[in-house]
Amino acid sequence: MNQVLIYSVVTLSSLGILAAVILYFIAQKFKVIEDPRIDLIADLLPGANCGGCGYAGCRNLAGEIVKKEDLSGFMCPPGGNDTMKKIAAVLGLEAVETEPLIAVIRCSGSLASAQKKSEYDGVSTCLYAHMLFSGESGCPHGCLGLGDCVVSCQFDAIYIDSETNLPVVSNEKCVACGACVKACPRSIIELRKKGKKDRRIFVSCVNTEKGAVARKNCKVACIGCGKCVKECKFDAITMENNIAYIDFNKCTLCRKCVSECPTDAIHELNFPPKKPKQEVVEQSESNQ
Amino acid sequence: MKTFKLGGVHPEENKLSADKAIEILPLPKVVYVPFSQHLGAPSVPVVDKGDAVKVGQLIAKAQGFISANIHAPVSGKVAKIDSIIDSSGYRKNVIVINTEGDEWDESIDTSTEIKRDILLSAKEIIDKIHEKGIVGMGGATFPTYVKMMVPEGKKAEFLVINGVECEPYLTSDHRLMLEKGEEMLIGVSILMKTLNVEKALIGIESNKMDAINYLTVLAQKFNGISIIPLKVMYPQGGEKQLIKSVINREVPSGKLPIEVGCVVQNVGTAFAVYEAVQKNKPLIERVVTVTGKSLKKPSNFIARIGTPIIELIEYAGGLPEDTGKVISGGPMMGKALNSLEAPVTKGTSGILIMTQKESKRPEQLNCIRCAKCVEVCPMGIEPYLIALYTELGKAEETEKERVMDCIECGSCSYICPSGRYLLDNVRIAKSKVGYIIRNRK
Amino acid sequence: MGLLTVSGSPHIKGVDNVKKIMYGVVIAMIPAMLISFYFFGLGAIKVTLVAIASCLLFEFLIQRFLLKGKTTINDGSAIITGILLSFNVPSSMPSWMIIIGSLVAIGIAKMSFGGLGKNPFNPALVGRVFLLISFPVDMTNWPKPQAFSTALTDAITGPTPLAIVKEGISKGQTIPEIMSSGKIPAYVDMLFGNMGGSLGEISTIAILIGGLYLLFRKIITWHIPVSFIGTTFVFALILWLIDPSLYINPLFHLITGGLMLGAVFMATDMVTSPMSKTGQIIFGFGCGVLTILIRVWGAYPEGVSFAILLMNSVTPLINKGFKPTKFGEVVKNG
């Protein structure tokens, strides 16, 4: 009995020692010496691995930052400037402030304004509908409403409004990682400046068809009339391919173009209700 | 009877218009001729608003190697260059011509006499086919002249003619073989001369016994043309499947039929070649089957290119009240239209009307892994697996599963007992993998 | 006219659907079920009804209250699980045990993986094996078959032919001795089902009728059953040729125990068997080899259910390793 006990103890312990020795040498051989700062920075990052920074995952970004020893060109959209400042403090570098962005849906072809002219039946993904036809409304550039952006969003920041069948971006949740921009087969979503108090002005249409054709499919399409371009004093609006585009770096949020648009294609978000004209001018100046 | 070995399904044939003789559709008042009716680069219009055109006059010129000329299908005035939703589901540029009379270009032989002697040389024939804008009439619309130029180092041994028409409902090729059999066979001889081959094999499925018998007798007058009756099996009309059925050769993955010494042409193309070469007539009209269970008068029409599809439906008894889907092409591979103003193009082999009930897809259930999709896939790929990858967002990884071999025949979606949208997902994977492959080059 | 529908091709659909397939399998199981009613009487009817009802009930409860989704109990798959479970237990099985078996089969083996089509193992077999391990006595207490028995619990019980052989061999008897001991029923009886055993496994003939129906309806293909039964036969034949006094003849292996039931109804389960034809043949081969290994050298007299479950577990591997022949892959021209 004792013999059995001794034998098993000896065998098992020698096996254990042998394994430990082997493991030790393997660990030595494959040892990766890593900058400890990578771990420090990775801990500061949100850990969502959303890819919004342009790198595959948070750790990857941390590695790149440490490698370059410079923060310019790096931005963690979900973490924002706060996170970048913390990273800067750890590395003893200067943080580069960037203005926060947000995803903007540039289509307002709701069920009411862009009526269904045919019906789609198939896999519930915009990508496939886009391959098959111009869409239920007939607009070849408009939102298909099947929610590829919703699926792509890791932050639960987009949902499809059941009434309009258009996606809605949450001001609070969106971190501007850009996943939805990539997911949208029709390039409707754009990352734009978040704006003070979340105030934004943009052309909510990407249809490049001629005015009359675009209008046939959707009441709120940009028809490329150019009124807004004339109205804008800051050269913020350009017209290309029958579609107006507001450069958010030049726009002063004066709101003059909004009322000028004959099809209500220019949208303003989170502004107080319209007051008499002078006040608007004042406000826009204070915003500059 | 011969057929291909791997996979295949046998859907209900429903050839409702098989015994309806081809009727000539009255000239439409306006035609909408798309710039792009073929695979490859869109053609460039050479007419302007207000120009008077005659039937058969060149109105848009081929641009680049893979492209095709387009000719005026009617005589009249060019009203405008506009855009219209065509069978692709998207708005495409079209030349709009208001019909005035029916004045043909002088160079075209409009007599009904059959011209049997082939006077042109191989080179001249290819030029003629190019000039007259002939494309594959089976639906793929690949420019025929490109196909007829055998690449250096390769040798064509057989000309395989596709008279299979394996799509349910469609009968345009069937009627063409019965009514224009001799012209079609002359067309085949022309193609044989061009390719310098001794043998042409015309594959016809056994549900068209009348065509098989008729052509077998006719073919005795021609050298080297034989008719091969084939067992009814979908998708036998696929190029690779047809070659396998007729001469039992397998075209390797990613390669063209010429790899095994074959060139495949459709019977409709052979007829168009006859008209182009012997009659100097460009491709301005084609046989279109208009069919559907709810349609009053399923018919076969000769329609001018550019005729709005709704007009064809009107002549076939009008659009039924409960129409749910209108398909350009057959039920297995055709495209559902989102606008009935879409015009007939060179590739429109049929218009199929489906009732609301027929067009409703069954609810998608869980995959029960019955392996039926694997069993019926004529290319031997695994649709369930590719669909699964796509649903998991890993469509990019399906390249090694040979997703690009898929010929989109739809057998998998057809057979799936769970009603899963297999082909939809396979197409998504194909488009993603295709994008990756293009970027790699 | 309503709006035109746009969808990707194909625009027509074959006639087969999940319901038709499932009820096709149910129909195929009816002959074997009737035979079990004939030989085991009311007890068999009770077991069958309890198993079907409890499977349906658990599926309904789980889908409705646990997953809070749509219930799909009318697709017939739970009925199949129920019948197969009843096929795998003796007619004297207490109802509460069957209910536990159903809960394991439906709750653990099927629904916890995501329901129909997602389960890696055949649910009924998981239920059976669970019962076999938990209640070995009740699971191996086989009532003697009696035509038109009306008793709910049969008084006379006895082992199955396979168990008799196993026991005999472990006692050191040779096969001819066991065969002549009078405990083994005649081959004709075993063929028709007049022997001890689980409800569904006794009658080879009835199962084969069901199998032919499945083949005719194209619900199963020949690959798995033929390779399963064929492998079992060949393996047993080799052993028998080596030493007929130690190993029983291959025919005995075929018609006793759950081999036929397993090969026709359980190994062919679409969900848990490989997708490609080559894969299916390998699967059947593996099942056959394991069955004989367990029957001859294992602790249990019967190994079909373990064999199938083991092969179920390697099905994903088989799917990965044995792809269908692709068009244009093997170029044989001429």
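What counts, and at which threshold
Residues numbered from 1 in each chain as written. Chains lettered and ligands numbered in written order. Predicted model: local features only at pLDDT ≥ 70, side-chain atom pairs only at ≥ 80, totals over all residues. Heavy atoms only, no water. Salt bridge = Lys/Arg side-chain N within 4 Å of Asp/Glu carboxyl O. Helix = DSSP H or I, 4+ residues; strand = E, 2+ residues; numbered from the N terminus. Buried < 20%, exposed > 50% of the residue type's maximum accessible area, 1.4 Å probe, protein only. Pairing = 2+ DSSP bridges. Axes fitted to C-alpha atoms, helices over the stretch in contact; angles between N-to-C directions. Contact = heavy atoms within 4.5 Å. Buried area = accessible area lost by both parts, 1.4 Å probe. Polar contact = N/O pair within 3.5 Å; in protein donor to acceptor, adjacent residues only side chain to side chain. Nonpolar A, V, L, I, M, F, W, Y, C, P; charged D, E, K, R; others polar. 1 Å grid on protein atoms, 1.4 Å probe; cavity = no way out; pocket = protein on both sides within 12 Å on 5 of 7 lines; lining within 4 Å. Points joined across faces, edges and corners; volume = space filled by probe spheres on them. Parallel < 35°, antiparallel > 145°, perpendicular 65-115°, else oblique. Left-handed = near helix turned anticlockwise from the far one by under 90°. Domains from an automatic or database assignment.

(A) Seen up close, the pattern of salt bridges. Within the structure shown, the criterion is met by 41 salt bridges over all chains. A salt bridge links Asp127 of chain B to Lys123 of chain B; its shortest N-O distance comes to 3.1 Å. With Asp127 of chain B and Lys123 of chain B both in helix α1 (residues 122-131), this residue pair falls four residues apart, about one helical turn. Accessibility expressed as a relative area gives 40% for Asp127 of chain B, which makes it partly exposed. As a salt-bridge pair, Lys277 of chain C and Glu375 of chain B come within 3.5 Å of each other at their nearest N and O atoms. Of this pair, Lys277 of chain C sits in helix α13 (residues 277-297) while Glu375 of chain B sits in helix α10 (residues 372-376), each in a different chain. Judged by its relative accessible area of 37%, Glu375 of chain B is partly exposed. Here the residues in one salt-bridge network are Asp102, Glu275, Lys281, Glu285 and Arg304 of chain B, joined through shared partners.

(B) Structural context of the sheet that holds strand β10 (residues 199-205) of chain B. All names here are of chain B. If you walk across this open sheet you meet the four strands as β11-β10-β9-β12, and the pairing is parallel. Unpaired on one side and paired on the other, β11 (225-230) and β12 (262-266) mark the two borders of the sheet. The average undirected angle you get between the axes of adjacent strands in this sheet is 25°. Across five bridges, the pairing between strand β9 (residues 158-163) and β12 is parallel. In the sheet register, Phe158 faces β12, and the bridge partner there is Cys262.

(C) A look at the interface of chain A and chain C. Opposite the nine residues of chain A that make contact, chain C presents six residues. Taken over both partners, the interface formed by chain A and chain C buries close to 630 Å², and the fraction arising from carbon and sulfur atoms is 64%. For the pair chain A and chain C, the number of links is zero salt bridges. Viewed at the interface, chain C and chain A are joined by three residue pairs in polar contact (both at pLDDT 80 or more). When contributions to the side of chain A that touches chain C are tallied by element, the ones reaching two or more residues are β2 (118-120) and α5 (126-132) of chain A. With three residues, the single largest contributor to the side of chain A that touches chain C is β2 of chain A. Split by residue class, the side of chain A that touches chain C holds four nonpolar, one polar and four charged. Two strands pair when backbone bridges link them, and β2 of chain A and strand β1 (residues 4-6) of chain C are joined in this way by three bridges, in the parallel orientation.

(D) Region of the structure containing the layout of surface pockets. Quantified by volume, the second largest pocket comes out at close to 1,300 Å³. Contributing to the lining of the second largest pocket are 49 residues, with Val9, Tyr414 and Ile415 of chain B together with Gly14 and Val15 of chain C lying nearest its centre. Contributions of two or more residues to the lining of the second largest pocket are made by α9 (356-359), α10 and α12 (411-415) of chain B together with α13 of chain C. Counting residues per element, the lining of the second largest pocket draws most heavily on α10 of chain B, which supplies four residues. Residue classes in the lining of the second largest pocket are distributed as 18 nonpolar, 15 polar and 16 charged.

(E) View of the environment of Phe322 of chain C. Residues and elements named next belong to chain C. Turning to its location among the elements, Phe322 is positioned in the segment after α14 (304-321). Considering only alpha carbons, one finds Phe322 and Lys277, 45 residues apart in sequence, at a separation of 8.6 Å. Those residues in contact with Phe322, other than ones at most four positions away along the chain, are Ser276, Thr278, Gly279 and Ile282.

(F) Spatial organisation of the interface of chain B and chain C. Every contact between the two is made by 70 residues of chain B and, on the other side, 44 residues of chain C. The junction of chain B with chain C conceals about 4,500 Å² of combined surface from both sides, 56% of it contributed by carbon and sulfur atoms. On the chain B side of the contact with chain C, Glu250, Ile368 and Arg369 of chain B bury the most area, a combined 15% of that side's loss. Connecting chain B to chain C are five salt bridges. Two residues, Lys323 of chain C and Glu382 of chain B, come together in a salt bridge whose shortest N-O distance is 3.0 Å. Applying the counting criterion to the chain B and chain C interface returns 20 residue pairs in polar contact (both at pLDDT 80 or more). Broken down by secondary-structure element, the contributors of at least two residues to the side of chain B that touches chain C are α6 (239-247), β15 (323-328), β16 (335-336), α9, α10, α11 (383-391), α12 and α13 (422-440) of chain B. Looking at the side of chain B that touches chain C element by element, the count peaks at five residues for β15 of chain B. Along the lines of polarity and charge, the residues of the side of chain B that touches chain C split into 35 nonpolar, 16 polar and 19 charged.

(G) Up close: the packing of helix α2 (residues 77-87) of chain C against helix α3 (residues 95-110) of chain C. Residue and element names in this part refer to chain C. Packing of α2 against α3 brings their axes to within 11 Å, and their N-to-C directions diverge by 135°. When the interaxial angle is binned, α2 and α3 end up oblique. When you trace α2 past α3, the crossing you get is right-handed. Between α2 and α3, the contacting residues are Ser77, Ala78, Thr81 and Leu85 on the first element and Ile98, Gly101, Ser102, Ala105, Ile106 and Lys110 on the second. A class-by-class count of the residues in the contact of α2 with α3 yields five nonpolar, four polar and one charged.

(H) The arrangement of the domain arrangement of chain A in detail. Residue and element names in this part refer to chain A. By the assigned domains, chain A splits into domain 1 (36-91) and domain 2 (101-287). Measuring from the centre of the C-alpha atoms in domain 1 to the corresponding centre in domain 2 gives 31 Å. With six residues of domain 1 in contact, the opposing surface of domain 2 contributes five residues. For the pairing of domain 1 and domain 2, the buried interface totals around 470 Å² over both sides, and the portion due to carbon and sulfur atoms is 58%.

(I) A look at unusual backbone geometry. With an omega of -5°, the peptide bond between Tyr234 of chain B and Pro235 of chain B qualifies as cis. With respect to the element layout, Pro235 of chain B can be found in the loop between β11 and α6. Following Ser9 of chain C, the chain continues to Pro10 of chain C via a peptide bond in cis, the omega torsion being -5°. Tracing the sequence through the fold places Pro10 of chain C in the loop between β1 and α1 (18-66). Even without being a glycine, Glu165 of chain B presents a positive backbone phi close to 45°. Topologically, Glu165 of chain B is positioned in the loop between β9 and α3 (172-179). A relative accessible area of 8% means that Glu165 of chain B is categorised as buried. Of note, the phi angle at Asn280 of chain B is positive, near 60°, even though the residue is not glycine. With respect to the helices, strands and loops of the structure, Asn280 of chain B is situated in the loop between α7 (267-279) and β13 (285-291).

(J) Highlighting empty space enclosed by the protein. Applying the stated criterion to the full structure yields 10 cavities of 30 Å³ or more. By volume, the largest cavity amounts to about 310 Å³. Elements with a contribution of two residues or more to the lining of the largest cavity: α1, α2 and α12 (259-266) of chain C. Of the residues forming the lining of the largest cavity, the biggest block, four residues, is contributed by α2 of chain C. Residues belonging to the lining of the largest cavity are distributed by class as follows: 15 nonpolar, six polar and two charged. Each of domain 1 (18-138) and domain 2 (160-321) of chain C gives at least three residues to the lining of the largest cavity. Lining the second largest cavity are 16 residues, and of these Cys370 of chain B together with Ile219, Ile220, Thr221 and Gln280 of chain C lie nearest its centre. Elements that contribute at least two residues to the lining of the second largest cavity include exactly α10 of chain B together with α13 of chain C. Its residues assigned to classes, the lining of the second largest cavity comprises seven nonpolar, four polar and five charged.

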